Amino acid sequence: MLIGTYSSSLVLISLCVAILASYTALDLTGRIATAKGRAVHLWMGGGALAMGVGVWSMHFIGMLAFSLPISLGYDLALTALSLLIAVLSSGFALWLISQPTLPWLQLGFGALIMGAGISSMHYMGMAALQMQPGIDYDPTLFSASLAIAVGASAAALWIAFRLRKHTPYVRQIRGAAAVLMGIAIVGMHYTGMAAANFPEGSFCGALDGGLSGSGLDYVVLITTLAVLAMALLTSVLDARMEARTAELARSLTLANQELTQLALHDTLTGLPNRTLLADRIDQAIGKVAEQGGCFALMFIDLDGFKPVNDAFGHHVGDQLLKAVATRLRGHLHSQDTLARIGGDEFVLLVELQELEDAMDVAVKQVNLVSRPFRIAEHDLQLTASLGIVLYPGNGLDQLELLRNADAAMYHAKNAGKNGYSFFDVSMNSNARQQLQLLQDMRAAVELGQFRLHYQPKYDAALRQPIGAEALLRWEHPQQGLLLPDRFIGLAEKTGLIIPIGEWVLDEACRQMRQWMQQGHEEWRIAVNLSAIQFCHAGLVDSVARALQSNQLPANRLTLEITETTAMRDADASLTVLQKLSDMGVDISIDDFGTGYSSLMYLKRLPANELKIDRGFVRDLEHDSDDAAIVSAIVALGQALGLRIVAEGVETDRQQEFLTRLGCDSLQGYLMGKPVPAEQFMAGLMEVREKEVKPV
Ligand code: C2E
Ligand code: MG
Ligand code: MG
């Protein structure tokens, strides 16, 4: 019997290689578990190669560590075959643990195959010695080596399967597992070696033409280390790259979330915007269809926000809107939606138990807004007008619901603001009527449907007519004669007031020219200008054109602008008024007393006349305040060298009173209502007859 000896340093190295190969294998299973597509196969193939080389070289170094008193060599083909078996078994092991599940039966079966693989690699390697006579194996140790191979394989497969997912401390746990697995593999090898007995007189048949010689151990070791290191390095780098990709993906998701937030929310208040609201309404409609129930949609418009914004600036305006949003939002349930869909417009979507609950919510919201807001040291007072639609009932889809809520909101505004209105079908027809009216108005100038009515103005003391005010009327084909309050607002909103106003100027000048030709050379015709016309660049030109084409001297025309219009943009008004005044046109400040005049500014204004608003005239006899205001305006006008006109004179007593207070001229139903030009002269006659009647 030949006695073999072991080189302890090579035994130690073989253990290290086994541990390193195990660690690499465990690391690669982690890669395979997270890889996708083709990368799975690449990792599996590369992994099988690296792990197979590792396991095999552990075995081969173990063989080299063993020496007999005779020289040894290794048959090339059989050695290569043992390497191939190691690679194939490793590939099988990697494939098995990359499966989604690993039931016990499969694990057991896999351990058998892998154990058989490792054992056949080992004994194939032994056979490569081609000992003559053959190696004599001790049956107990031989069986023990097989059992260890199968048991170690089972443990390795189980551990690798468990450790393939990324968990905390996975590297440390893999390290510990690799040590255990390494010991098991080495244990199998040396048990197998211990089973081998070499009868006395044996010689190695592979000595000729086989692998032999010193330095073989280094070649195997270095190649193996290189393969394992490369596999490990690639795996680590790839894991890093994957982590970075995951990081990028995460920040992309975050950016996406931010974009969605921006696209669906109002930037100032952070509330949902119109798009998100539309989506929520659709959802609410869907929910009612599925589960029943009901909801209300409330259109909230702030009253008096614009003046605050104009007076205190956008900064304060923005803060105020935020404060309103916070206050409204604070009293809602989490499932309700409060959206901001325009400057000072909010929409509230509330789920209701009972339709009747809508009123409570509306009252609460209106009250919330009406409490003062403290913004940047200012106490600001607002109110809200609220229009309510109910679903089911007041519309079929979100567009119709919103439109109807808007109509209801307008109704609340017209009914005096600071309140709410439930939608009613008649409101919708109102909106439709406005639209129809607008379409009709577009054609009205061309079709010649506008008329001017003339109301006489009288000298207060002499009681003689001194001219007329031209007042616009629309002969509507279906609706009859319409007064300005029905259509001037709409004409201003749409800009149609410009062509209409030009027609008025021209027609009034034409009429005045005719009266002059009839001998009333000292009369004046007054024409009203709206704020929009007043701000329009072409105003001075159209006035000049109207005068010229009708050959009317400029001092026969009075332009009336309201006090509010004149004072709005004081400096700009001053420029325009100065140009008109330079032309010789008379300027009258209409509805005086209803706006806010600055005396400083009034003094610089090139006006000729103040027209006291008829609101003061109406209650003159009963309200001593009004009497005081009228005499103050008269005194003011006289001090500034302005004529004073009182409008809305309906009774003799008002006439006497205003005359006594010092008004220069009077206008009102008492002296004559606005009438078409054809009836104007006849009306004057009647008054004259009244005058000559003995009192
Ligand atoms: P305004 O310029 O203050 O016109 C006086 C209004 O008072 C007229 O109403 C007139 O009919 C009414 N009125 C006159 N005397 C009396 C009276 O004794 N008692 C009462 N209760 N009312 C009297 P109207 O014609 O309905 O015009 C309303 C407003 O429409 C005018 O107020 C004016 O601001 C505007 N307007 C009229 N015509 C035009 C126009 O051609 N262009 C522009 N831009 N606005 C016009
Ligand atoms: Mg007027
Ligand atoms: Mg007036």
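Residues numbered from 1 in each chain as written. Chains lettered and ligands numbered in written order. Predicted model: local features only at pLDDT ≥ 70, side-chain atom pairs only at ≥ 80, totals over all residues. Heavy atoms only, no water.

Protein ligation of the magnesium ion (ligand 3) involves Asp590 (OD), Asp591 (OD), Glu647 (OE) and Glu647 (OE), the donor distances falling in the range 2.0 to 2.7 Å. Sequence spacing of the donor residues for the magnesium ion (ligand 3), all on one chain, is D-D-x55-E. Between the magnesium ion (ligand 3) and the magnesium ion (ligand 2), a spacing of 4.3 Å is present, and a bridge between the two is formed by Asp590. Of this pair, Asp591 sits in strand β19 (residues 586-592) while Glu647 sits in strand β21 (residues 643-647), and the two are 56 residues apart along the sequence. (Donors = N, O, S within 2.8 Å, 3.2 Å for Na, K, Ca; no water. Helix = DSSP H or I, 4+ residues; strand = E, 2+ residues; numbered from the N terminus.)

Looking now at the layout of surface pockets. In this approach, a probe sized like a water molecule rolls over the atoms, and the result shows the empty space that is left. By volume, the largest pocket amounts to about 1,100 Å³. Lining the largest pocket are 41 residues, with Glu469, Leu471, Pro484, Asn528 and Arg614 sitting closest to its centre. Grouping the constituent residues of the lining of the largest pocket by class yields 17 nonpolar, 13 polar and eleven charged. Considering the residues around the second largest pocket, the lining is formed by 20 residues, among which Tyr410, Asn430, Ala431, Arg432 and Gln434 are closest to the centre. (1 Å grid on protein atoms, 1.4 Å probe; cavity = no way out; pocket = protein on both sides within 12 Å on 5 of 7 lines; lining within 4 Å. Points joined across faces, edges and corners; volume = space filled by probe spheres on them. Nonpolar A, V, L, I, M, F, W, Y, C, P; charged D, E, K, R; others polar.)

For sheets, the rule is that strands pair by backbone hydrogen bonds, running either parallel or antiparallel. Strand order in the open sheet formed by five strands is β8-β9-β7-β12-β13, and the pairing between neighbours is mixed. Here the strands that pair on one side only, and so sit at the sheet edges, are β8 (337-342) and β13 (419-422). On average, each strand axis in the sheet is inclined to that of its neighbour by 20°, with strand direction left out of account. Looking at chain direction, strand β7 (residues 294-303) and strand β12 (residues 383-391) are connected through nine bridges and run antiparallel. Paired with Leu302 across the two strands is Ala384, which belongs to β12. Lying on the sheet, helix α11 (residues 357-370) is in contact with β7, β9 (345-352), β12 and β13; it crosses β12 at an angle near 160°. (Pairing = 2+ DSSP bridges. Axes fitted to C-alpha atoms, helices over the stretch in contact; angles between N-to-C directions. Contact = heavy atoms within 4.5 Å.)

Time to look at the packing of aromatic side chains. Within the structure shown, the criterion is met by 20 aromatic pairs. Relative to Phe422, the ring of Tyr420 has its centre 6.0 Å away and its plane inclined at 90°; by these criteria the two rings are edge-to-face. The exposure class of Tyr420 is partly exposed, given its relative accessible area of 29%. Taking the centre distance of 5.9 Å and the plane angle of 45° together, the rings of Phe450 and Phe487 count as tilted. You can see Phe450 sitting in strand β14 (residues 450-459) and its partner Phe487 sitting in helix α14 (residues 484-494), a full 37 residues away along the chain. Each member of the pair, Phe450 as well as Phe487, carries the same accessibility label: buried. Three or more aromatic residues joined by ring pairs form one cluster here, namely Tyr6, Phe66, Tyr190 and Phe198. Seen from the ring of Phe373, Arg327 lies directly overhead, with NZ or CZ sitting 3.7 Å from the centre. Lys673 extends its terminal NZ or CZ atom over the ring of Tyr669, reaching a point 4.8 Å from the ring centre. (Phe/Tyr/Trp six-rings, centres within 6.5 Å; stacked < 30°, edge-to-face > 60°. Buried < 20%, exposed > 50% of the residue type's maximum accessible area, 1.4 Å probe, protein only. Lys NZ or Arg CZ within 6 Å of the ring centre and 35° of its normal.)

The residue Leu437 is located in helix α13 (residues 425-447) in this model. Sequence separation of Leu437 and Val17 is 420 residues, and the distance between their C-alpha atoms is 95 Å. Setting aside its immediate chain neighbours within four residues, Leu437 contacts Trp474, His476, Gln479, Leu482, Arg486 and Leu490.

As a further point, take the site of ligand 1. For ligand 1, the set of nearby residues contains 23 residues, the closest of which are Gln455, Asp590, Arg614, Glu650 and Tyr669. One nitrogen or oxygen atom from the side chain of Asn528 is found 2.9 Å from an oxygen atom belonging to ligand 1. One of the side-chain N or O atoms of Asp590 is found 2.8 Å from an oxygen atom in ligand 1. When isolated, ligand 1 has an accessible area of 800 Å², and the protein chains bury 84% of it. Structurally, ligand 1 is housed in the largest pocket. For the shell around ligand 1, the elements supplying multiple residues, two or more each, are β15 (465-476), α14 and β19. Residue contributions to the shell around ligand 1 peak at four residues, all from β15. Here the shell around ligand 1 is composed, by residue class, of nine nonpolar, six polar and eight charged. (Near = heavy atom within 4 Å. Polar contact = N/O pair within 3.5 Å; in protein donor to acceptor, adjacent residues only side chain to side chain. Areas by Shrake-Rupley, 256 points an atom, 1.4 Å probe, with all protein chains shown as cover. Sits in = over half its atoms within 2 Å of the grid points.)

The next point concerns the coordination of the magnesium ion (ligand 2). Protein-derived ligands of the magnesium ion (ligand 2) are Glu469 (OE), Asn528 (OD1), Glu560 (OE) and Asp590 (OD), with the metal-ligand distances lying across 2.0 to 2.3 Å. The sequence pattern formed by the donor residues of the magnesium ion (ligand 2) is E-x58-N-x31-E-x29-D. For Asn528, a relative accessible area of 27% corresponds to the partly exposed category.

Let's shift gears to empty space enclosed by the protein. The full count for this structure, using the stated rule, is four cavities of 30 Å³ or more. Within this model, the largest cavity holds a volume of roughly 250 Å³. Lining the largest cavity are 24 residues, with Met51, Val55, Met114, Ala156 and Met181 positioned closest to its centre. At the level of secondary structure, the elements contributing two or more residues to the lining of the largest cavity comprise α1 (8-34), α2 (38-65), α3 (76-97), α4 (104-127), α5 (139-162) and α6 (170-195). It is α3 that provides the largest number of residues to the lining of the largest cavity, a total of six residues. Considering only residue class, the lining of the largest cavity consists of 19 nonpolar, five polar and no charged. Here the second largest cavity is characterised by a volume of approximately 60 Å³. As for the second largest cavity, its lining consists of Ile498, Gly501, Glu502, Leu505, Gln533, His536, Gly538, Leu539 and Ser542.

With that settled, consider the packing of α2 against α4. Look at α2 against α4: their axes get within 10 Å of each other, and the N-to-C directions meet at 40°. One way to sum up the angle between α2 and α4 is to call them oblique. Relative to α4, α2 is oriented so that their crossing is right-handed. Residue-level contacts link Met51, Val55, Trp56, His59 and Met63 of α2 to Met114, Met121, His122, Gly125 and Met126 of α4. (Parallel < 35°, antiparallel > 145°, perpendicular 65-115°, else oblique. Left-handed = near helix turned anticlockwise from the far one by under 90°.)

None of the figures reported here should be taken as evidence of function without further support.
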